[in-house]
Amino acid sequence: MTTPNFPLWEVFIRSRNGLAHKHVGSLHAADPVMALQAARDLYTRRGEGLSIWVVPSNAITASDPADKGMMFEPAASKIYRHPTFYDVPDEIGHM
């Protein structure tokens, strides 16, 4: 008996309102409905999920770690994005 080659899905769970969805894993499923059901069964066994996202892995575009310099170096030259040169009064506390 052969097993069908189901697409790979990435699973994201939001545990509470106000929090971001977090990647929790991957699974194979035939369609989005089956992916949601499998994600619920696999990743929310203790009722920790409020919302589930499933995304086909082939729909995700990611940067190559080898291109780190090209992708992130330009941000380092924009010092105005990093408030390290501001004087913060002591009464502000932790920022």
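What you are looking at is a predicted structure, and each value in this text was computed from that prediction instead of being measured.

(A) View of the overall build of the protein chain. On a plain count of helices and strands, the protein chain comes out with two helices and three strands. Start at the N end of the protein chain and walk to the C end: the helices and strands fall as β-β-α-β-α. Counting over 95 residues, the protein chain shows a buried share of 16%. Sequence separation of at least 24 residues holds for 41% of the intrachain contacts in the protein chain that already meet a minimum separation of 6. Accessible surface computed for the protein chain: about 8000 Å², of which carbon and sulfur atoms make up 57%.

(B) Here's a closer look at the nonpolar core. One finds W9, V11, I13, L27, A29, A35, A39 and V54 forming the largest nonpolar core, which totals eight residues. Of all the elements, strand β1 (residues 8-14) adds the most residues to this core, at three residues. Setting aside residues up to four positions removed in sequence, V54 forms contacts with W9, E10, V11, P32, A35, L36 and A39.

(C) Quick look at the sheet that holds strand β3 (residues 51-56). Taken in spatial order, the three strands line up as β2-β1-β3 in an open sheet, and their pairing is antiparallel. Strands with a single pairing partner mark the edges of an open sheet, and in this sheet they are β2 (22-28) and β3. Averaged over neighbouring strand pairs, the angle between their axes works out to 25 degrees when direction is ignored. Strand direction decides the pairing type here: β1 and β3, joined by six bridges, are antiparallel.

(D) A look at the pattern of salt bridges. Tallying each qualifying case throughout the model produces one salt bridge. Close ionic contact of R40 with D41 constitutes a salt bridge, the shortest N to O distance being 3.1 Å. Judged by relative accessible area, which is 43%, R40 ranks as partly exposed.

(E) Looking closely at helix α1 (residues 32-43). Between the first and last C-alpha of α1 there are 16 Å, a value that for 12 residues agrees with the 16 Å anticipated at 1.5 Å per step. At the N-terminal boundary of α1, the capping side chain belongs to D31, with an oxygen 3.1 Å from the backbone nitrogen of V33.

(F) The arrangement of the environment of A29 in detail. Its place among the elements puts A29 in the loop between β2 and α1. Note on A29: relative accessible area 3%, which makes it buried. Between the C-alpha atoms of A29 and F6, which are 23 residues apart in sequence, the distance is 5.3 Å. Contacts of A29, omitting those with residues within four sequence positions, involve F6, P7, W9, M34 and A35.

(G) Structural detail: a nonpolar patch on the surface. Side chains of M70, M71 and F72 sit close together on the surface and give an oily, nonpolar patch of about 360 Å² of accessible area. You can see F72 is positioned in helix α2 (residues 68-76).

(H) Representation of the pairing of β1 in the model. Buried residues dominate β1, accounting for five of its seven residues. Direction of pairing for β1 relative to β2: antiparallel, over a ladder of six bridges. Following the sheet pairing, L8 is matched in β2 by H28.

Parameters at a glance
Residues numbered from 1 in each chain as written. Predicted model: local features only at pLDDT ≥ 70, side-chain atom pairs only at ≥ 80, totals over all residues. Heavy atoms only, no water. Helix = DSSP H or I, 4+ residues; strand = E, 2+ residues; numbered from the N terminus. Buried < 20%, exposed > 50% of the residue type's maximum accessible area, 1.4 Å probe, protein only. Contact = heavy atoms within 4.5 Å. Areas by Shrake-Rupley, 256 points an atom, 1.4 Å probe, with all protein chains shown as cover. Core = buried A, V, L, I, M, F, W, Y, C linked by side-chain atoms within 4.5 Å. Pairing = 2+ DSSP bridges. Axes fitted to C-alpha atoms, helices over the stretch in contact; angles between N-to-C directions. Salt bridge = Lys/Arg side-chain N within 4 Å of Asp/Glu carboxyl O. Expected span 1.5 Å × (residues − 1). Polar contact = N/O pair within 3.5 Å; in protein donor to acceptor, adjacent residues only side chain to side chain. Patch = residues over 30% accessible without salt bridge, like charges linked within 9 Å, V, L, I, M, F, W, Y side chains within 5 Å.

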